[in-house]
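Take a look at the letters that make up each chain.
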Amino acid sequence: MARTAHPWYWDERNGWYVNKNGQRHFLGDHPPDAPEPRKIKGKWNPPEIIRQQFHAIMASAEPPVAKNSPTISSGLSLAVLFDKYLEWCLRHREKRTYDGYVWHLQRFCKHLKIATTLPALDLKPFHVNEWLDANPTWGQTYRRNAIASVKRAFVWGEEEGHIASNPLRKLKKPMAKRREHFIKPEDWERIRSCYPAGDPFRQFLEFCWETGARPFEARTIEARHVHLDKRLIAIPPAEAKGRKKWRIIRLEGRALEIVGACPRSGLLFVNRDGRRWTVSAINCRFIRLKGRLGVKHFAYAFRHSFANRLLIAGVCTFRYCLAQGFVTSPILADRLFMHVDEKIAKLSRSNSLTYTRYVDDITISGPFDLQTSGIPSVVEKLLEAAGFKINKSKVKFGQINRKAVILGIRQNKGYPDVSTDFFAETERRMRDLISLGQNLSFEGPFYTRSEIAGRLRYIFWVNPRRKKC
């Protein structure tokens, strides 16, 4: 028996909603003068204005279906559907995207062998899985991209009306695997020694190593992008990643020498035949390099290594600390802590502990006293081995049931809450502002009404059950 629709409250959005025929409908924000939302016998208590909107939506009729709507052909073959989708991609998507879809869809049709006669709606998930099983050397991310290419064609076909439904809707994709690989300076020396001076591929890799440019950027940079007088390469938004901002690549030292010796027209980096480096050609080079070094590197690892070197050297930090408030701080921290996270997480799992990290603040919790367990000293050694230093003044131990504060949050009667000091300081600022408005004593410093309102909103966001203030 289906459930009866009823308004429900979304705390994070401070709004009321209702589900009708599988669709979520917004009823309105919670009125500020209405009682606090709560459940009574399993149902929410919507205000009267929300209740009226709820009845209006439930009484509204479903949109009628047009009698003369075009019929959807169910006999469309798989090959025809793929051709229509690729024609659309050629006109509305970037060439790199189009080439990727062509690569995967052609290989899938070649494996299937009956793509020209098989109706698109008769394709089943096992057809795709058998194709993947026939290629056991494919990595997890490559398999994900292959599945995504086939599924995207069916999603597009359903959206455009070429097919009535998507038979691959329930086909699952594996998670993309992060390539957590860095090239150390000593590794770079061994890689460079494998190619003689002046080798086109060595120049390509040297440029990536010195500038941290993306492989796609290095492959497509042209002489018109180079400004030697300003020591930079400027790629316009229409050609840069994201298509929104100029991409600036600074040229210093060896990178400036390499670019200065490149041709004054056309592509900067080409192979011995004067052609652009392709993804396959670069990959083949690294496969042959693996036979000499025993390690499989890849082009994007040079960009990872560039960022890692700058962080360790303190170039992207302020006094060797991550600048708080910058949108890039969490990204840089995640990249730099990548290998340390693995080691600390492994240590935590082996001791039934929970490891969390917010930017550069580390928290480890468990069912026993960590202060006397020796775990902190092991963590400190792991961090020091990676080039980090612990701020002793921020090292704290405590018990959650005794209201230990973690990142400014504590547990209060089973619910998250701000620290006592934060709440007391907010109350003091409110009293101080009221006293100033009444021309009485003022302790200071002065905080605007908006600043205090922001602290209050944060308090109620962390713990909506607070009744004070």
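Rules used in this analysis
Residues numbered from 1 in each chain as written. Predicted model: local features only at pLDDT ≥ 70, side-chain atom pairs only at ≥ 80, totals over all residues. Heavy atoms only, no water. Phe/Tyr/Trp six-rings, centres within 6.5 Å; stacked < 30°, edge-to-face > 60°. Buried < 20%, exposed > 50% of the residue type's maximum accessible area, 1.4 Å probe, protein only. Helix = DSSP H or I, 4+ residues; strand = E, 2+ residues; numbered from the N terminus. Lys NZ or Arg CZ within 6 Å of the ring centre and 35° of its normal. Contact = heavy atoms within 4.5 Å. Pairing = 2+ DSSP bridges. Axes fitted to C-alpha atoms, helices over the stretch in contact; angles between N-to-C directions.

- If you check an unreviewed UniProt entry, the chain appears there as Site-specific integrase from Limnoglobus roseus.

## Topic: the packing of aromatic side chains
Then, number 1: Following the criterion strictly, the structure yields 29 aromatic pairs and no others.
Then, number 2: Seen in terms of ring centroids, tyrosine 195 and phenylalanine 201 are 5.4 Å apart; in terms of plane orientation they differ by 70 degrees. Their pairing is edge-to-face. When sorted by exposure, tyrosine 195 lands in the same class as phenylalanine 201, which is buried.
Then, number 3: The interplanar angle of 70 degrees and the centroid separation of 5.7 Å between the aromatic rings of phenylalanine 201 and phenylalanine 286 together place this pair among those described as edge-to-face. Placement of phenylalanine 201 in helix 7 (residues 200-211) and of phenylalanine 286 in helix 10 (residues 279-293) is noted, with a sequence separation of 85 residues between them. Neither phenylalanine 201 nor phenylalanine 286 differs from the other in exposure class; each is buried.
Then, number 4: The ring of tyrosine 17 is capped by arginine 24, whose NZ or CZ atom sits 5.9 Å from the centre of that ring.

## Considerations on the environment of asparagine 463
Then, number 1: Here asparagine 463 lies in the segment after helix 16 (449-462).
Then, number 2: Setting aside its immediate chain neighbours within four residues, asparagine 463 contacts Tyr415, Pro416 and Asp417.

## A short note on the sheet that holds strand 3 (residues 23-29)
Then, number 1: Spatially, three strands are ordered 1-2-3 in an open sheet, and the strand pairing comes out antiparallel. Strand pairing shows two members of the sheet lacking a second neighbour, strand 1 (8-10) and strand 3, which therefore form its edges. Within the sheet, the average angular offset between the axes of one strand and its neighbour, ignoring direction, is 40 degrees.
Then, number 2: Sheet analysis places strand 1 next to strand 2 (residues 15-20), joined by three bridges and oriented antiparallel. Bridge pairing links tyrosine 9 to tryptophan 16 in strand 2.
Then, number 3: Strand contacts of helix 1 (residues 48-59): strand 2 and strand 3, with the helix running at about 150 degrees to strand 3, the strand carrying the most contacts.

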